[in-house]
Amino acid sequence: MQSFHPPLRTLMGPGPSDVHPRILEAMARPTIGHLDPAFQGMMEELKEGLKALFKTENRLTFPVSAPGSAGMETCFVNLVEEGDTVVVIKNGVFGNRMCENVTRAGGVVVEINVEWGKAPDPAVVDATLSDHPEACILAFVHAETSTGVLADAAALCAIAQKHKCLTIMDAVTSVGGVPVLIDEWGVDAVYTGSQKCLSCAPGLSPVSFSERALERVRSRATPVHSWFMDLSLVMAYWDGQGGRSYHHTAPVNALYGLHESLVMLFEEGLEEAWDRHAAMHKSLAAGLEALGLEFLVAEDIRLPQLNAVKVPEGVDEASIRAYLLDAHNLEIGAGLGPMAGKVWRIGLMGTSACEKNIDLCLTALADALTRHQHPADAAKALAAAKAVRG
Ligand SMILES: *Cc1c(COP(=O)(O)O)cnc(C)c1O
């Protein structure tokens, strides 16, 4: 074997996004013990930083030592018990996974199916919860990465509260890219991921639980089926009062990286980061439209950080992506599920949401399209993208 040296890519897919050199440098610092007092001090700062990130006072806010999918599973295995009815809104891939999680935790799913590329309709959610007074949880995806749709989280949470349901919200792609206001909206359980708008290396999933959610975990009749994700055990490490006890070995260097990404985010300002994502999206959208590409999602429900555009008639989408990677070291995403072959997903997440990446993406796409018998004008696209930057 020989050392692995990855090629230098620009990451503009659905995640991971470009990891800033400052974060990589933080991750390369010396490993110390995960119960070392110096490390525990860093953990306390990290928890405070995550509370500010989620805009919450929730005491139990910490990063799960595994990717976003593990944050999802942590929420479901702890809050769902045998026989519980959970209403899940499905408007893409990640809603499907939530249903899987409910069933595996022994719960009963009531699905609200929404056409891919459309946002959940609060009136339909209200009616479904009225029809299912036995439901105790509403679960939804805030930013559906498979389509690029933003859900109206405030409205969905208000409906859940009216029907005395707890809420589980997937904020993997939303956190850091668009406003996420956990306490203001009254979200009970939320999870995100390190590798999307936080621009950190993949492998960590910050989560946060309200007092109501913890009350539900404490009053379970049966133990949580997962030992690793059982909050009552994890809390002894992340929320140890009067000393921490060993639960699992924290991914020490990965946590340095997450800590640094929060330092960088607060240097910029969370609101300023949301504004930057919005501004970069406008610029990219103007350029893509000048290339003749059309968006999948209506403007008012579009995610700035995930741009799903339709593949033009007669163009082989996979060979365009392969060409972009080969010739321009640029990664963009393919469509998933029913969108496979029909859309590209262009991410503008975290560090990747910058003018340099937009210009590269437009130039490279114009080149790729032109070489695939679909002439496109790079100069016109760049001019359109620059014109809206102000
Ligand atoms: C990426 C993503 C996940 C899964 O995160 P992993 O880190 O890949 O496990 C879950 N939900 C949404 C909306 C995502 O975009």
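Residues numbered from 1 in each chain as written. Predicted model: local features only at pLDDT ≥ 70, side-chain atom pairs only at ≥ 80, totals over all residues. Heavy atoms only, no water.

**Comments concerning the overall build of the protein**
1) Next: Across its full length, the protein carries 14 helices and 13 strands.
2) Next: For the protein, the C-alpha radius of gyration of 21 Å lies close to 21 Å, the compact-globule estimate for 390 residues.
3) Next: For the protein, the C-alpha atoms occupy an extent of roughly 65 × 55 × 45 Å along the three principal directions.
4) Next: Across the 390 residues of the protein, 58% fall into the buried class.
5) Next: For the protein, the computed accessible surface area is about 16,000 Å², with 55% contributed by carbon and sulfur atoms. (Helix = DSSP H or I, 4+ residues; strand = E, 2+ residues; numbered from the N terminus. Rg over C-alpha atoms; globule rule 2.2 N^0.38 Å. Buried < 20%, exposed > 50% of the residue type's maximum accessible area, 1.4 Å probe, protein only. Areas by Shrake-Rupley, 256 points an atom, 1.4 Å probe, with all protein chains shown as cover.)

**A short note on the site of the ligand**
1) Next: The full set of residues close to the ligand is Pro67, Gly68, Ser69, Phe94, Val141, Ala143, Thr145, Asp170, Val172, Thr173, Gln195 and Lys196.
2) Next: At 2.9 Å from an oxygen atom of the ligand is found a main-chain nitrogen or oxygen belonging to Gly68.
3) Next: Residue Lys196 places a side-chain N or O atom 2.7 Å away from an oxygen atom belonging to the ligand.
4) Next: Bound to the protein, the ligand loses 88% of the 380 Å² it would expose on its own.
5) Next: Partitioning the shell around the ligand into residue classes produces 5 nonpolar, 5 polar and 2 charged. (Near = heavy atom within 4 Å. Polar contact = N/O pair within 3.5 Å; in protein donor to acceptor, adjacent residues only side chain to side chain. Nonpolar A, V, L, I, M, F, W, Y, C, P; charged D, E, K, R; others polar.)

**Some details on helix α14 (residues 378–387)**
1) Next: Three or more residues of α14 are buried, namely Ala381, Leu382 and Ala385. Buried residues of α14 fall within an arc of 95° about the axis and therefore sit on the same side. In α14, those exposed residues whose orientation departs by more than 90 degrees from the buried face are Ala379 and Ala387.
2) Next: With a side-chain oxygen positioned 3.1 Å from the backbone nitrogen of Ala379, the residue opening α14 is Asp377. (Arc of directions from axis to C-beta.)

**What about the nonpolar core?**
1) Next: In terms of nonpolar packing, the biggest core is built from 91 residues, with Phe39, Phe140, Ile168, Met169 and Phe209 touching the most fellow members.
2) Next: There are two domains that each give this core at least three residues, and those are domain 1 (20–266) and domain 2 (269–389).
3) Next: What Phe209 contacts, discounting residues up to four positions off in sequence, is Asn58, Leu60, Thr74, Cys75, Asp188, Ala189, Leu214 and Leu231.
4) Next: With 33 residues, the next largest nonpolar core counts Met12, Leu362, Ala368 and Leu369 among its residues. (Core = buried A, V, L, I, M, F, W, Y, C linked by side-chain atoms within 4.5 Å. Domains from an automatic or database assignment. Contact = heavy atoms within 4.5 Å.)

**As for the sheet that holds strand β13 (residues 343–347)**
Strand pairing within a sheet occurs via backbone hydrogen bonds; the two strands may be parallel or antiparallel.
1) Next: Overall, mixed pairing links the 4 strands, which are arranged β1-β12-β13-β11 in an open sheet. Bordering the open sheet on either side are β1 (10–12) and β11 (306–310), each of which pairs with just one other strand. Averaged over all pairs of adjacent strands, the angle between their axes in this sheet comes to 30°, without regard to strand direction.
2) Next: Note: β1 against strand β12 (residues 330–334), 3 bridges, orientation parallel. Bridge pairing in β12 places Leu11 opposite Glu331.
3) Next: With respect to the sheet, helix α12 (residues 317–328) is in contact with β12 and β13, its orientation differing from that of β12 by roughly 160°.
4) Next: On top of the sheet, helix α13 (residues 355–371) reaches β1, β12 and β13; it is set at about 85° to β1, its chief contact. (Pairing = 2+ DSSP bridges. Axes fitted to C-alpha atoms, helices over the stretch in contact; angles between N-to-C directions.)

**Points about the domain arrangement of the protein**
In many analyses, interface size is given as the accessible surface area lost on bringing the parts together.
1) Next: Structurally, the protein comprises domain 1 (20–266) and domain 2 (269–389).
2) Next: Between domain 1 and domain 2, the C-alpha centre-to-centre distance is 29 Å.
3) Next: Listed as interface residues are 30 residues of domain 1 and, on the opposing side, 24 residues of domain 2.
4) Next: Surface buried jointly by domain 1 and domain 2 totals about 2,100 Å² across both partners, of which 68% is contributed by carbon and sulfur atoms.
5) Next: Counting the surface domain 1 buries against domain 2, the share from its top three residues, Trp116, Gly148 and Leu265, is 21%.
6) Next: Inspection of the region where domain 1 meets domain 2 yields 1 salt bridge.
7) Next: Close ionic contact of Glu271 with Lys55 constitutes a salt bridge, the shortest N to O distance being 3.0 Å.
8) Next: Inspection of the region where domain 1 meets domain 2 yields 9 residue pairs in polar contact (both at pLDDT 80 or more).
9) Next: Of all the secondary structure elements, the ones that give two or more residues to the side of domain 1 that touches domain 2 are α2 (37–54), β6 (143–144), β7 (149–150) and α10 (252–268).
10) Next: Taken together, the residues of the side of domain 1 that touches domain 2 sort by class into 15 nonpolar, 11 polar and 4 charged. (Buried area = accessible area lost by both parts, 1.4 Å probe. Salt bridge = Lys/Arg side-chain N within 4 Å of Asp/Glu carboxyl O.)

**Observations concerning the packing of helix α3 (residues 68–79) against helix α4 (residues 93–104)**
1) Next: The contact between α3 and α4 brings their axes to 10 Å, and the two run at 45°. Compared by their axis directions, α3 and α4 come out oblique. Of the two possible hands of crossing, α3 and α4 adopt the one that is right-handed. Across from Ser69, Met72, Glu73 and Phe76 in α3, the residues of α4 making contact are Phe94, Arg97, Met98, Asn101 and Val102.
2) Next: Within the contact of α3 with α4, the residues separate by chemical class into 5 nonpolar, 2 polar and 2 charged. (Parallel < 35°, antiparallel > 145°, perpendicular 65-115°, else oblique. Left-handed = near helix turned anticlockwise from the far one by under 90°.)

**Digging into the pairing of strand β10 (residues 205–209)**
1) Next: Taking burial as the measure, the 5 residues of β10 include 5 buried ones, the bulk of the element.
2) Next: On β10, burial covers both faces: Ser205, Val207 and Phe209 on one face and Pro206 and Ser208 on the other are all buried.
3) Next: Pairing between strand β9 (residues 189–191) and β10: 3 bridges, direction antiparallel. When the sheet's bridge partners are listed, Ala189 is paired in β10 with Phe209.

**A short note on the side chain of Glu144**
1) Next: The residue Glu144 is located in strand β6 in this model.
2) Next: For the buried Glu144, no salt bridge is present, and the opposite-charge side chain at shortest range is Arg345, 6.7 Å distant.
3) Next: For Glu144, the side chain forms a polar contact with the main-chain nitrogen of Phe94, separated by 3.3 Å.
4) Next: One polar contact links Glu144 to Ser146, side chain to side chain, over a distance of 2.6 Å.
5) Next: Setting aside its immediate chain neighbours within four residues, Glu144 contacts Asn91, Gly92, Val93, Phe94, Gly95, Val149 and Leu303. (Lys, Arg positive; Asp, Glu negative; His and termini not counted.)

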